[in-house]
Amino acid sequence: MEGLRFDDVSLPPQAEALRAQVRAFLAQHQPRETLPDSDFNHGHDAAFSAALGKRGWIGMTWPRRYGGGERSFFERYVVTEELLAAGAPVSAHWIADRQSGPLLLRYGTEAQRERFVPPITRGESYFSIGMSEPDSGSDLASVRPSARKVSGGYVVNGTKVWTTDAHRNHFIIALVRTEPPGENRHAGLSQLIIDLRGDGVQVRPIRNIAGDEDFNEVVFSDCFVPDDQLVGRPGNGWEQVTSELSYERSGPERFLSAFRVLVEFVRAVGAAPTDHQAAVIGRLAGQLMTLRQMSISVAGMLQAGASPAVEAALVKALGNDFEKELPEIARAAAPPLPDEHRFRATLAQTLLHMPAFTIRGGTREILRGVIARGLGLR
Ligand SMILES: Cc1cc2nc3c(=O)[nH]c(=O)nc-3n(C[C@H](O)[C@H](O)[C@H](O)COP(=O)(O)OP(=O)(O)OC[C@H]3O[C@@H](n4cnc5c(N)ncnc54)[C@H](O)[C@@H]3O)c2cc1C
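Residues numbered from 1 in each chain as written. Predicted model: local features only at pLDDT ≥ 70, side-chain atom pairs only at ≥ 80, totals over all residues. Heavy atoms only, no water.

Just give me the short version of the packing of aromatic side chains, but keep the residues and values in it.
The full count for this structure, using the stated rule, is eight aromatic pairs. An angle of 65° between the planes, with centres 5.8 Å apart, marks the rings of Phe25 and Phe48 as edge-to-face. Within this pair, whereas Phe25 is found in helix H2 (residues 18–29), its partner Phe48 is found in helix H3 (residues 46–54), the two being separated by 23 residues in sequence. One aromatic cluster in this structure is built from Phe25, Phe48 and Trp57. The aromatic ring of Tyr154 is capped on one face by Lys149, whose charged end is 4.9 Å from the ring centroid. (Phe/Tyr/Trp six-rings, centres within 6.5 Å; stacked < 30°, edge-to-face > 60°. Helix = DSSP H or I, 4+ residues; strand = E, 2+ residues; numbered from the N terminus. Lys NZ or Arg CZ within 6 Å of the ring centre and 35° of its normal.)

Take a look at the structure:
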């Protein structure tokens, strides 16, 4: 198991103390008219994100000078866990808080940090991930959009796809080719911050199986991006994208997407579950606690400044299996209930979004490849 490490880490008391505060905040700010949904892609709600920002719970670990809270990754863990468990509408700020902000703090220029990071912490500025393309998802190194150097910037042409919330967000950080592909496939890639409402950018929503328009095709046609919106060094995009993935893959959103189904299942069976229902609850709770412990351990590594890419991939791979299994197990064990019952409504909502759980952020086959490489097996 060399290459894989999960220290036994506990949440410190000051992190646990936040739990009650988040619950009080949610009692006041969580919209009541929609069905709570633990999927982090659910609910793009600018008012909720702004309230969260005002409370200091976006950019919690970032430097104060850019609007951050200089708090620990454990405190951030508690806040994100509580928001997801309650099914709060977090999708507007989620990507910016989870990975775009950290990326800019690590690789961005001082001017970029000053311009882009404070509005993220206020819950006012939202980012999309521009990695996947029509012919390039898992094999990210094969990305094609070209960014041609011109005086004062780059001219971008090409297409991104499955871009979550591009029709609602402000910016996309797009992985593009600033040099033609050579022998080293990982060379010549760069990341550009592109204004999603700017000239030369067309955002076309794609309808998913649930009938929602959550993700998009984004087409760049001679889109000019100024030099000061290049993130990091030209050609260093591969290293930067890889560092983003530790943040993208390890959080509680990778095993809590279906959590509301468990909550409503427990409520539906009430105080007198059958032996089978009790066993199902025990089994799911046991799996959940194990994943949670692993994810907290990764938070500990992030806190220590490490880049736990392999451990994060393992949390996501196992977590996605769990969140895909949970609704099926609960459905099979549930008592007969009318369609309008809260358990049935929550289950229906989750089942329609479930196909995405093991695909977004890297498929399970790709994650298994990352884990195998980390273990020295390939
Ligand atoms: C809801 C949702 C939201 C998303 N949001 C975003 C977003 O905001 N930004 C973004 O950039 N992308 C986003 N994605 C895209 C997502 O990251 C890709 O769909 C994913 O990486 C898979 O790429 P692909 O669809 O091209 O599938 P492919 O790469 O074509 O894979 C097809 C199948 O082949 C398997 N496969 C591929 N290569 C290998 C291999 N080497 N070994 C074994 N098996 C392999 C895969 O596991 C998969 O089962 C989103 C996807 C979903 C479903």
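I'd like to hear about the site of the ligand, residue by residue, with values.
Lining the immediate surroundings of the ligand are 16 residues, of which Ser132, Ser138, Trp162, Thr363 and Glu365 lie closest. Within the backbone of Met131, one N or O atom sits 2.9 Å away from an oxygen atom of the ligand. Backbone polar atom of Ser132 to an oxygen atom of the ligand: 2.7 Å apart, as the coordinates give it. Protein chains bury 62% of the 980 Å² of accessible surface belonging to the ligand in isolation. (Near = heavy atom within 4 Å. Polar contact = N/O pair within 3.5 Å; in protein donor to acceptor, adjacent residues only side chain to side chain. Areas by Shrake-Rupley, 256 points an atom, 1.4 Å probe, with all protein chains shown as cover.)

Could you give an account of the environment of Leu351, with specific residues and numbers?
Checked against the element boundaries, Leu351 lands in helix H11 (residues 342–353). It is 26 Å that separates the C-alpha atoms of Leu351 and Val79, two residues lying 272 residues apart in sequence. Residue contacts for Leu351: discarding those within four places in its chain leaves Pro327, Glu328 and Arg331. (Contact = heavy atoms within 4.5 Å.)

Tell me about the environment of Glu248, residues and numbers included.
Secondary-structure assignment places Glu248 in helix H7 (residues 237–250). For Glu248, a relative accessible area of 6% gives the class buried. Residues Glu248 and Ala312, spaced 64 residues apart in sequence, show a C-alpha to C-alpha distance of 8.3 Å. A polar side-chain atom of Glu248 sits 3.3 Å from a polar atom in the side chain of Gln99. (Buried < 20%, exposed > 50% of the residue type's maximum accessible area, 1.4 Å probe, protein only.)

Kindly report on H3, identifying the contributing residues and their values.
Inspection of H3 places Phe48, Ser49, Ala51, Leu52 and Gly53 among the buried residues, and these make up the whole buried set. Where H3 begins, the side chain of Asp45 points an oxygen toward the backbone nitrogen of Ala47, at a separation of 3.2 Å. Trailing H3 by a residue or two, Gly56 shows a phi angle of about 90°, which is positive.

Residues and numbers for the packing of helix H10 (residues 309–333) against H11, please.
It is at 10 Å that the axes of H10 and H11 come closest, and there the two elements cross at 145°. In terms of crossing hand, the pair formed by H10 and H11 is left-handed. Between H10, through Pro327, Glu328, Ala330 and Arg331, and H11, the contact on the second element is made entirely by Phe343, Leu347, Thr350 and Leu351. (Axes fitted to C-alpha atoms, helices over the stretch in contact; angles between N-to-C directions. Left-handed = near helix turned anticlockwise from the far one by under 90°.)

Tell me what's going on with empty space enclosed by the protein, and back it up with residues and numbers.
Scanning all chains against the criterion turns up five cavities of 30 Å³ or more. Volume-wise, the largest cavity comes out at about 200 Å³. For the lining of the largest cavity, the secondary-structure elements that each account for two or more residues are helix H4 (73–86), helix H5 (91–107), H7 and helix H9 (275–303). Considering only residue class, the lining of the largest cavity consists of 10 nonpolar, five polar and four charged. Roughly 50 Å³ of volume is contained in the second largest cavity. Lining the second largest cavity are Phe40, Asn41, Ser91, Ala92, Trp94, Ile95, Phe127, Thr164, Asp165 and Asn169. A per-element tally of the lining of the second largest cavity places H5 first, with four residues. When the residues that make up the lining of the second largest cavity are grouped by side-chain class, the tally is five nonpolar, four polar and one charged. (1 Å grid on protein atoms, 1.4 Å probe; cavity = no way out; pocket = protein on both sides within 12 Å on 5 of 7 lines; lining within 4 Å. Points joined across faces, edges and corners; volume = space filled by probe spheres on them. Nonpolar A, V, L, I, M, F, W, Y, C, P; charged D, E, K, R; others polar.)

Which residues make up the pattern of salt bridges, and what are the values?
Opposite charge on two side chains permits pairing when their charged atoms draw close. Counted under the stated rule, the structure contains 30 salt bridges. Among the salt bridges present, the one from Arg204 reaches Glu217, with a minimum N-O distance of 2.8 Å. Highlighted residues: Arg204 in strand E6 (residues 201–207) and Glu217 in strand E7 (residues 213–226), separated in sequence by 13 residues. A salt bridge links Glu213 to Arg207; the nearest nitrogen and oxygen atoms lie 3.2 Å apart. Of the residues examined, Arg207 reaches a relative accessible area of 57% and is grouped as exposed. Via salt bridges that share partners, Glu16, Arg19, Arg23, Glu81, Glu82 and Arg292 belong to a single interconnected network. (Salt bridge = Lys/Arg side-chain N within 4 Å of Asp/Glu carboxyl O.)

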